Amino acid sequence: MNPQLIMDGLIAGAMIGLGAIGITLTYSILRFANFAHGEMISWGAYLALATSGLLGSLSGALLKPIGPFSFGWSLPLAVLAAVALTAGLALLVDALLFGPLRKRRSAVIIMVMASFGASLALRSLLEFIFTSKPVYFSKALQIALPLGGGLRATPDQLLSLAVAAILVVAIHILLTRTAIGRSMRAVSENQQLAGVAGIDARKVIRTVWMLGAGLACIAGVMAGLLVQIRPYMGFDLLLPLFAAAILGGIGSVPGAMLAGLIVGLAEALGVQLIGAEWRAAVAFMILVFVLLLRPQGLFGRAE
Amino acid sequence: MTGPQPSALSTRALVAGYEPDLPIVRGVDFSIRSGELVIVLGPNGAGKSTFVKAIAGLVPIHSGATMLGGFDITAVPTHEKIRHGLAFVPQTENIFATMSIHDNLLLAANVLPKEKRSRRVADLYAMFPDLAARPSLRAGQLSGGQRQMLAVARALIVEPSVLILDEPSAGLSPKIVQEVFAQLKAINDTGVTIILVEQNVKAALAIADRAAILVEGQLRHEGPAATLAEDPIVAELYLGARPAGKAATP
Ligand SMILES: Nc1ncnc2c1ncn2[C@@H]1O[C@H](COP(=O)(O)OP(=O)(O)OP(=O)(O)O)[C@@H](O)[C@H]1O
Ligand SMILES: [Mg+2]
């Protein structure tokens, strides 16, 4: 067995984990499975790409690779802007679509179907603007550094893992130690009581959209950096995202990340053992087994 | 408190219900003076919970008005009502069971100015030593009586002018009921106006100033608690009591 698959699995898993955090948060607060979340990943990547291109055209110095990495300062700067833009996009979709449905107290199935529609529309718009041809943040080739034990990783990959780890810790602290985090947990448990306790659910909902979309954007940038950028990149991740969110336990941020890593590793293993065309089946099997054997997931509480 | 017994909270021709064309509360004129403790009685399904939930903003109000200390709060969003001094403890699920005792209190304290928060949390721990003993315990693991204490503590943290409780004694043993009611009486004695929805009529009448009886969404009877307790017709009709000689009220 090739030890390299561990590294591949971890990196894919970190991206899945970041995306799954958004799924798990929207599910626990808004109580529906948001199938448009994948599009936040794609849009995040394209928004970063466009902003980075714009910055590069303003100043060529921003394109010069930073140290061992494949990208220049234009990318980190663009990511900051893209996170804000993707968060804005999520708020816009909520204002136009989910918000009005909530106001009418629409059934969960209506919300889910609406998210399907939003997913389709957002993806088509991406294809229309950027075409479906794959694009890249950088054409620079990177040498994978030996890490010992037969493991190799590029500086970009190592940075991605570090960023994912820092983000998970930060979000976990936000949820458990801050006022807005307590408010989010309160709304997730009992929205009526949260209202009585003085919590504005609308503010919490806005925070959740921004947080989920921001993380999706970063996952998209990681995917773009390590693989490629395509309009379908986020949609193709949906199955592993949901598998990770449910395996981790709905509402649990560390759970989503840990489960993301598990799904990523399992996929890498599956690809190695049975072939790349079975990648999706691995996530699907995890999803089915969790739903049958432990529906509350690793860190969820049985209801 | 302020002025000669002004109305702390009142409703005028209040009509409220879950569905637009199905009023449950049907034209209630109710008023409580500052510092009073009034119990709201009535048979199951009379609309007691709906009435207090409408005041708290959890049930749509179809018509009529709710005034808090002379200020119209009918259209004030639910989460803003606490900032106006109205605290509500629901009948069920009145604490955040998945969160620690401490987080429940911090959450409630969040509507206060920053500099007051930790002092108020400390005040409430002093008032409820049972809670102070294990602040990191998950609230879902508390006993029934302690849950009610936490729910009351959560509501009190903002120093409300009016506290509304919906059946805080439900499911508690008689001894614990006495403790909860004694605590409520003590809170009332500090000047907090209390509206108490109760089925536990005898125990509630013992601490109340006044009682109001709600039947089929309408206010049927109002009077001082002392006289109400002795009114056999009222007791038989609305409180579920048997005529003298048979089993007493639960
Ligand atoms: N969430 C709800 N949606 C629709 N109707 C409801 C809801 N909750 C209660 N009702 C209806 O409203 C009416 C009044 O119920 P409510 O809970 O206010 O009575 P109550 O006096 O508090 O009774 P109890 O003593 O059992 O607590 C009942 O007919 C009940 O079926
Ligand atoms: Mg009730």
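Every chain's residues receive numbers from 1 upward, in the order its sequence appears when written. A letter from A marks each chain and a number from 1 marks each ligand, given out in the order of writing. Given that this is a predicted model, residues contribute local features only at a pLDDT of at least 70 and side-chain atom pairs are listed and counted only at 80 or more, while totals for whole chains, interfaces and linings are drawn from all residues. Side-chain calculation: all heavy atoms of the structure are included, whereas hydrogens and water are not.

## Describing the overall build of chain A
Here is step 1: A tally of regular secondary structure across chain A gives 11 helices and 2 strands.
Here is step 2: Taking 19 Å as the expected radius of gyration for a compact globule of 303 residues, we find that chain A reaches 19 Å, a close match to that expectation.
Here is step 3: With the C-alpha coordinates of chain A rotated into their principal frame, the extents come out at 55 × 45 × 35 Å.
Here is step 4: Only protein chains enter the area calculation, which uses a 1.4 Å probe; residues under 20% of their type maximum are buried, those over 50% are exposed, and those in between are partly exposed. The buried share among the 303 residues of chain A stands at 51%.
Here is step 5: Throughout, a residue-residue contact means that at least one pair of heavy atoms, one from each residue, lies within 4.5 Å. Within chain A, residue pairs in contact and separated by at least 24 positions form 75% of the contacts whose partners lie at least 6 positions apart. The numbering of helices and of strands both runs from the N terminus, where a helix is a DSSP run of H or I of at least 4 residues and a strand a run of E of at least 2. This radius of gyration counts C-alpha atoms alone. The globule rule is 2.2 Å times how many residues there are, raised to the power 0.38.

## Examining the overall build of chain B
Here is step 1: A count of helical and extended segments in chain B gives 10 helices and 10 strands.
Here is step 2: Against the compact-globule benchmark of 18 Å for 250 residues, chain B has a radius of gyration of 18 Å, which places it among compact chains.
Here is step 3: Referenced to the eigenvectors of the C-alpha coordinate spread, the extents of chain B come out at roughly 50 × 40 × 40 Å.
Here is step 4: Here chain B holds 250 residues, and the buried ones make up 51% of them.
Here is step 5: At a minimum sequence separation of 6, the contacts of chain B that also span at least 24 residues come to 67%.
Here is step 6: To be clear on the numbers: accessible area is Shrake-Rupley with a 1.4 Å probe, and residue cover counts the displayed protein chains and nothing else. Carbon and sulfur atoms form 54% of the exposed surface of chain B, whose accessible area is close to 10900 Å².
Here is step 7: When charges are counted, neither His nor the chain ends are considered; positive counts come from Lys and Arg and negative counts from Asp and Glu. All charge positions are set by atom: Lys at NZ, Arg at CZ, Asp at CG, Glu at CD. If the 23 positive side-chain charges of chain B are averaged to one point and the 23 negative ones to another, these points end up 4 Å apart.

## Considerations on the coordination of the magnesium ion (ligand 2)
Around a metal, the perfect tetrahedron of four donors has angles of 109.5 degrees, and the perfect octahedron of six donors has angles of 90 or 180 degrees.
Here is step 1: Donor atoms from the polypeptide that bind the magnesium ion (ligand 2) are S49(B) (OG) and Q91(B) (OE1), placed at 1.9 to 2.3 Å. Residue S49(B) is located in helix α1 (residues 48-56), and its partner Q91(B) is located in the loop between β6 (86-89) and α3 (101-109); the two are separated by 42 residues in the primary sequence. Metal donors: N, O and S atoms at distances within 2.8 Å, or within 3.2 Å for Na, K and Ca, with water omitted from the atom set so that some sites may seem incomplete.

## Some points on the sheet that holds strand β2 (residues 25-33) of chain B
All names here are of chain B.
Here is step 1: Two strands make a pair as long as DSSP finds a minimum of two bridges between them. Strand order across the open sheet formed by 4 strands is β2-β1-β4-β5, with antiparallel pairing between neighbours. Edge strands, defined here as strands with exactly one partner in the open sheet, are β2 and β5 (71-72).
Here is step 2: By the bridge criterion, 6 bridges tie strand β1 (residues 7-16) to strand β4 (residues 61-68) in an arrangement that is antiparallel. By the bridge assignment, S10 is partnered in β4 with M67.
Here is step 3: Set on the sheet, α1 makes contact with β1, β2 and β4; between it and β1 the angle comes to about 110°. Angles shown run from 0 to 180 degrees and are taken between the N-to-C directions of axes, each axis being a line fitted to C-alpha atoms and, for helices, limited to the stretch in contact.

## Here we look at the site of ligand 1
Residues and elements named next belong to chain B.
Here is step 1: We call a residue near a molecule or strand when any one of its heavy atoms sits within 4 Å of it. Close to ligand 1 lie 13 residues; G45, K48, S49, T50 and Q199 are nearest.
Here is step 2: Pairs of N or O atoms are called polar contacts if they sit within 3.5 Å, as long as, within protein, a hydrogen donor faces a hydrogen acceptor (for residues adjacent in sequence, only side-chain-to-side-chain pairs). Side-chain polar atom of Y18 to a nitrogen atom of ligand 1: 3.2 Å apart, as the coordinates give it.
Here is step 3: In the complex, the protein chains occlude 59% of the 640 Å² of accessible area that ligand 1 would expose alone.
Here is step 4: In the scheme used here, Gly and all other residues not listed as nonpolar or charged are polar, with Ala, Val, Leu, Ile, Met, Phe, Trp, Tyr, Cys and Pro taken as nonpolar and Asp, Glu, Lys and Arg as charged. Taken together, the residues of the shell around ligand 1 break down into 4 nonpolar, 7 polar and 2 charged.

## Overview of the packing of helix α2 (residues 37-58) of chain A against helix α3 (residues 74-103) of chain A
Any two packed helices are characterised by the angle at which their axes cross and by the distance between the axes.
All names here are of chain A.
Here is step 1: Remark: α2 packs on α3, axes separated minimally by 8 Å, with the N-to-C direction vectors making an angle of 135°. Classified by the angle between their axes, α2 and α3 sit oblique to one another. The handedness of the crossing between α2 and α3 is right-handed. For the pair α2 and α3, contact is made by M40, W43, G44, L47, A48, T51, S52, L55 and G56 and by S74, L75, L77, A78, A81, A82, L85, T86, L89, A90 and V93, respectively.
Here is step 2: Tallied by class, the residues present in the contact of α2 with α3 amount to 14 nonpolar, 6 polar and no charged. Note on terminology: angles under 35 degrees are roughly parallel, angles over 145 are roughly antiparallel, angles of 65 to 115 are roughly perpendicular, and the others are oblique. Crossing handedness is defined as follows: a turn of the near helix away from the far one that is anticlockwise and smaller than a right angle gives a left-handed crossing, while the clockwise case is right-handed.

## Some words on the interface of chain A and chain B
Here is step 1: With 19 residues of chain A in contact, the opposing surface of chain B contributes 21 residues.
Here is step 2: Carbon and sulfur atoms supply 59% of the area that chain A and chain B bury against each other, a total of about 1800 Å² over both sides.
Here is step 3: Reported buried area values correspond to the accessible surface (1.4 Å probe) lost by two parts on association, with both partners' losses combined. The largest contributions to the chain A side of the interface with chain B come from E189(A), L193(A) and V196(A), which together make up 32% of the buried area.
Here is step 4: The rule for a salt bridge is simple: a side-chain nitrogen of Lys or Arg has to be within 4 Å of a carboxyl oxygen of Asp or Glu. Along the contact surface separating chain A from chain B lie 2 salt bridges.
Here is step 5: Counting only elements with at least two residues in the side of chain A that touches chain B, the list comes to α6 (179-189) and α7 (191-196) of chain A.
Here is step 6: By residue number, the principal contributor to the side of chain A that touches chain B is α6(A), which donates 6 residues.
Here is step 7: Across the side of chain A that touches chain B, the residue classes tally to 7 nonpolar, 6 polar and 6 charged.

## Concerning the sheet that holds strand β9 (residues 210-215) of chain B
All names here are of chain B.
Here is step 1: Strand order in the open sheet made by the 6 strands is β6-β7-β8-β3-β9-β10, with mixed pairing throughout. The two strands at the open ends of the sheet, each matched to only one other strand, are β6 and β10 (218-224). Each adjacent strand pair in this sheet contributes to an overall mean axis angle of 15°, direction not counted.
Here is step 2: Packed onto the sheet, helix α6 (residues 144-156) meets β6 and β7 (162-166) and runs at close to 165° relative to β6.

## Some thoughts on the pairing of β4(B)
Residues and elements named next belong to chain B.
Here is step 1: Bridge count for β4 against β5 is 2 bridges, and the pairing is antiparallel. Looking across to β5, one finds that M67 is bridged to D72.
Here is step 2: Linkage of β4 to β5, two consecutive antiparallel strands, is achieved through a turn of 2 residues, within which G69 is found at a positive phi near 55°.

## What about a nonpolar patch on the surface?
Here is step 1: Distance thresholds for patches are 9 Å for like charges and 5 Å for nonpolar side chains (Val, Leu, Ile, Met, Phe, Trp, Tyr), applied to residues having over 30% relative accessible area and no salt bridge. Residues F284(A), M285(A), V288(A), F289(A), L292(A) and L293(A) make up a contiguous nonpolar surface patch of about 650 Å² in total accessible area.
Here is step 2: Judged by its relative accessible area of 66%, L292(A) falls in the exposed class.

## Details of empty space enclosed by the protein
Here is step 1: In this analysis a 1.4 Å probe is tested at points of a 1 Å grid over the protein atoms alone, and where it fits but cannot get out there is a cavity; an open set with protein on both sides within 12 Å along at least five of seven lines is a pocket; lining residues have an atom within 4 Å of a point. Grid points are joined across faces, edges and corners, and a volume is the space filled by probe spheres set on the points. Scanning all chains against the criterion turns up 2 cavities of 30 Å³ or more.
Here is step 2: Within this model, the largest cavity holds a volume of roughly 50 Å³.
Here is step 3: Elements supplying a minimum of two residues to the lining of the largest cavity: α2 (78-81) and β6 of chain B.
Here is step 4: Broken down by element, the residue count for the lining of the largest cavity peaks at 3 residues, all from β6(B).
Here is step 5: Taken together, the residues of the lining of the largest cavity break down into 6 nonpolar, 1 polar and 1 charged.
Here is step 6: Size it by volume and the second largest cavity reaches roughly 40 Å³.
Here is step 7: Lining the second largest cavity, in full, are N34(A), A36(A), M40(A), A90(A), V93(A), D94(A), F98(A) and W209(A).
Here is step 8: Considering every element that reaches the lining of the second largest cavity, the biggest residue donor is α3(A), with 4 residues.

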